[in-house]
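# Structure assessment
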There are 2 protein chains.
Amino acid sequence: MKKVSESTVARLSVYLRLLTEVSATGVATLASEELARRCGTSAAQVRKDLSFFGTFGKRGLGYSVPELTAALRQILGLERRWRVALIGAGKIGAALMAYQDFRRQGFDIVAVFDTDEAKIGVDWNGLVVQADAELPRCLKGIDIAIVAVPGEAAQGVVDRVVAAGVRAILNFAPIKLNVPEHVAVKTVNMALELEGLSYALVNEARRSRRVTSRPAASRG
Amino acid sequence: MKKVSESTVARLSVYLRLLTEVSATGVATLASEELARRCGTSAAQVRKDLSFFGTFGKRGLGYSVPELTAALRQILGLERRWRVALIGAGKIGAALMAYQDFRRQGFDIVAVFDTDEAKIGVDWNGLVVQADAELPRCLKGIDIAIVAVPGEAAQGVVDRVVAAGVRAILNFAPIKLNVPEHVAVKTVNMALELEGLSYALVNEARRSRRVTSRPAASRG
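Residues numbered from 1 in each chain as written. Chains lettered and ligands numbered in written order. Predicted model: local features only at pLDDT ≥ 70, side-chain atom pairs only at ≥ 80, totals over all residues.

Next up on the list: the confidence of the model for chain A. Predicted coordinates in areas of low pLDDT are best not read in detail. Residues and elements named next belong to chain A. With 91% of its residues at a pLDDT of at least 70, chain A reaches an overall mean of 87. Within the model, pLDDT remains below 50 along residues 211-220, and this stretch shows 2 contacts once partners closer than five positions in the same chain are excluded. Taken together, the chains of this predicted complex give a pTM of 0.71 and an interface ipTM of 0.84. (pLDDT = per-residue confidence, 0-100. Contact = placed C-beta atoms within 7 Å.)

Residues and elements named next belong to chain A. Mapped onto the secondary structure, Leu 18 falls in helix H1 (residues 6-24). The class of Leu 18 is buried, set by 24 C-beta atoms lying within 10 Å. Expressed as a C-alpha distance, the spacing of Leu 18 and Ser 42, which sit 24 residues apart in the sequence, is 15 Å. Beyond its immediate stretch of four places on either side in the chain, Leu 18 contacts Leu 35, Arg 38 and Cys 39. (Helix = DSSP H or I, 4+ residues; strand = E, 2+ residues; numbered from the N terminus. Buried ≥ 20, exposed ≤ 12 C-beta atoms within 10 Å, placed from the backbone.)

A few words on unusual backbone geometry. With phi around 55°, Asn125(A) is a residue other than glycine that occupies positive phi space. Relative to the assigned elements, Asn125(A) resides in the loop between strand E5 (123-124) and strand E6 (127-131).

This paragraph deals with the sheet that holds strand E4 (residues 107-114) of chain B. All names here are of chain B. Overall, mixed pairing links the 7 strands, which are arranged E5-E6-E4-E3-E7-E8-E9 in an open sheet. Where the open sheet ends on each side, the last strands, each with one partner, are strand E5 (123-124) and strand E9 (184-187). One ladder, built from 4 bridges, connects strand E7 (residues 144-147) with strand E8 (residues 168-171); its direction is parallel. Paired with Ile 144 across the strands is Ala 168, a residue of E8. (Pairing = 2+ DSSP bridges.)

Attention shifts here to the relation of the copies chain A and chain B. Between the two copies, chain A and chain B, the superposition gives an RMSD of 0.0 Å; the rotation angle is 180° and the shift along the axis is 0.0 Å. The superposition operator between the copies reduces to a two-fold rotation axis. When each C-alpha of chain A is compared by its distance to the rotation axis, Ala95(A) comes out closest, at 2.9 Å. An overlap of 100% is found between the interface residues of chain A and their copies at the interface of chain B, pointing to a shared contact surface. (Least-squares fit on C-alpha atoms with pLDDT ≥ 70 in both.)

Across the boundary between the two partners, chain A contributes 52 residues, which contact 52 residues of chain B. Secondary structure elements with two or more residues in the side of chain A that touches chain B: H1, helix H5 (91-98), helix H6 (101-104), helix H8 (151-163), strand E8 (168-171), strand E9 (184-187) and helix H9 (190-212) of chain A. A total of 14 residues in the side of chain A that touches chain B trace back to one element, the largest contributor, which is H9(A).

Dropping the structure here:
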């Protein structure tokens, strides 16, 4: 199988989400143009993304909603449940525990860790917080680690998570993590996304100032 | 100024975060190699990223931490405060309201909207929830809209947000949004990130099965 890009995999998730919505309305087939339009992409892109994984749909008939749904679920590894450990029992961790879509999609948070003595051993959102020192022992059988610790602690935590054999990490710490090639990392950084927006706003303003030759506002 | 890629802008945010940490420890200068190493990139990449915006640092001396901090803050549009509207007073919205880093970094959530009659007019995390119908009138002066509504409602909301003149959107809905070119969109989708990880786990397992010629597990 050819190397599939992260953006292709992300689009498969988007297709699956639309198919799930469509399925709930009782629609049985969907043309690739319609699928593409409702996912904000082109029919050619849909066909290319799916071509990595086999042949789907019939010319003139479109895709069978249940068949393509099942295929995408299998491709994305959603046909089974995943055991997830949460490292960091803070605000972000609490929001994640409340995020019911995780469980609905097959991701079960089954363990939570923290370094705070006041939290260890205490029930927290239905799980007993374990000591950070227990990581090596307690990560056996964990598929995915969610790292929700401060930036300066994150790389150290990740090194121990990787040493314990975990091969997938969802990172909320605002740093770039170094991991071996066999470990998959996805980073969610809302502050960074917001800064991307403020950059775009400032930059757009700078551009339009140049274009219209309006006097530059004081930087005050 | 040349078109700067989103990944460069994201790295600038990472550099800024490291500089802020370093600054708190009283360090006044930082070599590009050290900055690069601690941000998980190369010195050449750091120099290239910064070269879009001017000349920083002195050969053999490295970067002045306060000067580079100030420059990055200005480049990223963090020298001012931004007025943010939250659309969707649900679980994700509540987690965002509790996320104090937003405010610390200059992003003030000043308005919240929902369609749920039971929520409208009620105090919610310190703001009174406004009716969705008020969007066109109440988005005046808003810089950034956070869209935290269900997928099927998101594009409609975004169309009205854009029509009201908002030029930056942070999207938590699990769909790809269509917006005019002058509008910046960043999407945060935790379910999608998790699916990227489960894809990687399944795919890695498939690859190693092929490599070691172990019999393929039943698809059940």
